[in-house]
Amino acid sequence: MEDLFDLADPFGPAKIVHIHRPSLNLKAVVVIDNTSCGVAIGGVRMAPDVSTDECFRLARAMTWKNAAAGLPHGGGKSVIFGDPRMPLDQKEQLIRAFADAIGDLTDYVPGPDMGTDELCMGWIKDEIGRAVGLPGAIGGIPLDKIGATGYGLAVCIDVAQSFIDLDLKGARVVVQGFGAVGKHTARFLAEKGAILVAASDTSGTLADPSGLDVGALIALKDAGGSLREHPNGKKLAADAILDIDCDIWIPAARPDVVRADNVGRLKTRLVAEGANIPCTPEAELALHKRGILVVPDFIANAGGVICAAVEYGGGTQRPAFESIDQRVRTNTQLVLEESRKTGEVPRRTALALAERRVRAAMQTRRWH
Ligand code: NAD
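None of these values were measured; they are calculated from a predicted model. (Residues numbered from 1 in each chain as written. Predicted model: local features only at pLDDT ≥ 70, side-chain atom pairs only at ≥ 80, totals over all residues. Heavy atoms only, no water.)

Undergrad: Even after reading the chapter, I still don't get the site of the ligand, so can you show me in this structure?
TA: The environment of the ligand is formed by 20 residues, the closest being D144, T149, A180, V181 and A253. One of the backbone nitrogen or oxygen atoms of A180 is found 3.0 Å away from an oxygen atom of the ligand. Interatomic distance of 2.8 Å between a backbone N/O atom of V181 and an oxygen atom of the ligand. Notes on the ligand: free accessible area 840 Å², of which the protein chains cover 69%. Considering only residue class, the shell around the ligand consists of 7 nonpolar, 8 polar and 5 charged. (Near = heavy atom within 4 Å. Polar contact = N/O pair within 3.5 Å; in protein donor to acceptor, adjacent residues only side chain to side chain. Areas by Shrake-Rupley, 256 points an atom, 1.4 Å probe, with all protein chains shown as cover. Nonpolar A, V, L, I, M, F, W, Y, C, P; charged D, E, K, R; others polar.)

Below is the structure:
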């Protein structure tokens, strides 16, 4: 990178902090992007190949996600260079040293992300008194266990059905990635009468047009099994999940899984993005042109961060679910109505909404 101010634009980033403790081999970056809406909340990612640029892009995504959800929080993110599978005592030392280094960055609240978990957040809280995504024993809400993001996705789909004249009762659902997000989305949708016709994990795709038993699949995954071990249904390659005929297709695994070269294979009416950036911009545009409704990630998968914000405010599980329902419902409705009026891709409409909220918040600030 030539100059850190290459990343600067009218929204931020407000601070980029590089942390280096040579004796511990601690190298980390914190980006606090925009705090006009409130103290920034964003995850701590640990991986060997992270970068300042990636940290900035993730922090900016949090600025939009938090604003789009209507949370009183700005966007931030941090990355720690390292293998998250290092011995636990070494990881604890690194995380605690990282926490110590961000102690005075009081406008940033760390949360879990790839390579960190609730135990790591517990260590950070112990060092500096602030973190979200904490263990239950110290006031955390176990958001992956209760399915906060999956619950929000089901609410979002509940709103979207009327925009495509779909009845959730009997609607055929496909879930790519049967992990924390995917399995709970399937569970909440099944409670609304939808039928899971296919699901995938790294072991492959499991399909049954007459419907899979969601409870049995969740039990299998929770016991450490993989979908291909399920006795019923057809076993296909992981990639075959793209070809299954359905009404609702839910990516809940990796980024960039739907691209210009494979988007034509999707046979669905609605894509609700559980994963972050699962579709490239070209693929989203192609789906839009085919009349397939795509609810963008930062609207559809905001349940997790809404839950974290409730935890930060001292709330418990029940208000967390209420807040997810209210925020995701309102914002999905707003975005889809506006996008129907303008004919724009929903992502563009959602971004404009988030930008309007951040700009309005910036007007209240002394320096913006
Ligand atoms: P997870 O690790 O619990 O689950 C991911 C699942 O995807 C696993 O079952 C894995 O086997 C499967 N998978 C991985 N690669 C695959 C492939 N190529 N084909 C099919 N399946 C594959 O992760 P998660 O927490 O459920 O997160 C899933 C996605 O949602 C990520 O992109 C994450 O960034 C995003 N997200 C998660 C949350 C949250 O609350 N956990 C919130 C917002 C966004």
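There's more to say after this.
Undergrad: Can you help me understand the sheet that holds strand β9 (residues 234-236) in this one?
TA: Sheet strands line up and pair through hydrogen bonds in the backbone, either parallel or antiparallel. Judged by pairing direction, the sheet is mixed, and its 7 strands sit side by side in the order β9-β8-β7-β6-β10-β11-β12 without closing on themselves. Each edge of the open sheet carries a strand with a single partner, namely β9 and β12 (293-295). Adjacent strand axes in the sheet meet at a mean angle of 15° when their direction is disregarded. Two elements, strand β7 (residues 195-201) and strand β8 (residues 204-207), share 4 bridges in a ladder whose sense is antiparallel. Directly across from S200, in β8, lies its bridge partner T205. (Pairing = 2+ DSSP bridges. Helix = DSSP H or I, 4+ residues; strand = E, 2+ residues; numbered from the N terminus. Axes fitted to C-alpha atoms, helices over the stretch in contact; angles between N-to-C directions.)

Undergrad: Hey, could you run me through the pattern of salt bridges in this one?
TA: For side chains of opposite charge, pairing can occur when their charged atoms come near one another. Taken as a whole and judged by the stated rule, the model has 25 salt bridges. Of the charged contacts in the structure, one is a salt bridge between R347 and D297, with a shortest N-O distance of 3.1 Å. Of this pair, R347 sits in helix α12 (residues 346-363) while D297 sits in helix α9 (residues 297-300), and the two are 50 residues apart along the sequence. Residue E338 pairs with K341 through a salt bridge whose shortest N-O separation is 3.9 Å. Of the two residues, E338 and K341 both sit in helix α11 (residues 317-342), 3 residues apart, roughly one turn of that helix. Note on E338: relative accessible area 32%, which makes it partly exposed. Where salt bridges share partners, they join R45, E54, K77 and D113 into one cluster. (Salt bridge = Lys/Arg side-chain N within 4 Å of Asp/Glu carboxyl O. Buried < 20%, exposed > 50% of the residue type's maximum accessible area, 1.4 Å probe, protein only.)

Undergrad: What is the right way to look at the packing of aromatic side chains in this model?
TA: Centre-to-centre distance and the angle between the planes together describe a pair of aromatic rings. Applying the stated criterion to the full structure yields 4 aromatic pairs. Each ring, one from Y151 and one from F188, has its centre 5.2 Å from the other, and the planes form 75°; the classification is edge-to-face. In this pair, Y151 is assigned in helix α5 (residues 148-160) and F188 in helix α6 (residues 180-191), connecting sequence segments 37 residues apart. Residue classification places F188 among the buried residues on the basis of a relative accessible area of 9%. A connected cluster of aromatic rings, assembled from ring pairs, spans Y151, F188 and F321. (Phe/Tyr/Trp six-rings, centres within 6.5 Å; stacked < 30°, edge-to-face > 60°.)

Undergrad: Which parts of the structure should I look at to understand the environment of L7?
TA: Counting through the fold element by element, L7 comes out in the segment before β1 (15-21). Under the relative-accessibility criterion, L7 is labelled buried at 12%. Between the alpha carbons of L7 and K234 there is a distance of 48 Å; along the sequence they are 227 residues apart.

Undergrad: What is the right way to read helix α3 (residues 118-128) from this model?
TA: Two residues of an α-helix separated by three or four positions point the same way, owing to the 3.6 residues in each turn. Within the sequence span of α3, burial applies to C120, M121, G122, W123, I124 and I128. Next to the buried residues of α3 lie β3 (40-47), α2 (88-102) and β5 (108-112). Sitting at the amino-terminal end of α3 is D117, which places a side-chain oxygen 3.2 Å from the backbone nitrogen of L119. G129, located one to two residues past α3, shows a positive phi value of around 80°. (Contact = heavy atoms within 4.5 Å.)

Undergrad: Help me understand the pairing of strand β10 (residues 248-251) in this model?
TA: It is a general feature of regular strands that their side chains alternate between the two faces of the sheet. Taking every second residue as pointing to the same face, both faces of β10 are buried, with I248 and I250 on one and W249 and P251 on the other. With 4 bridges connecting them, strand β6 (residues 172-176) and β10 associate as parallel partners. Considered in β10, the bridge of V175 is made with I250. Across 2 bridges, β10 lies against strand β11 (residues 270-272) in parallel orientation. Bridged to I248 within β11 is L270.

Undergrad: Explanation requested: the environment of G12 in the structure shown.
TA: Mapped onto the elements, G12 comes out in the segment before β1. You can call G12 buried: its relative accessible area is 12%. In this structure, G12 is in contact with L7, D33 and R60, ignoring residues within four places of it in sequence.

The values are spatial; any link to function lies outside them.
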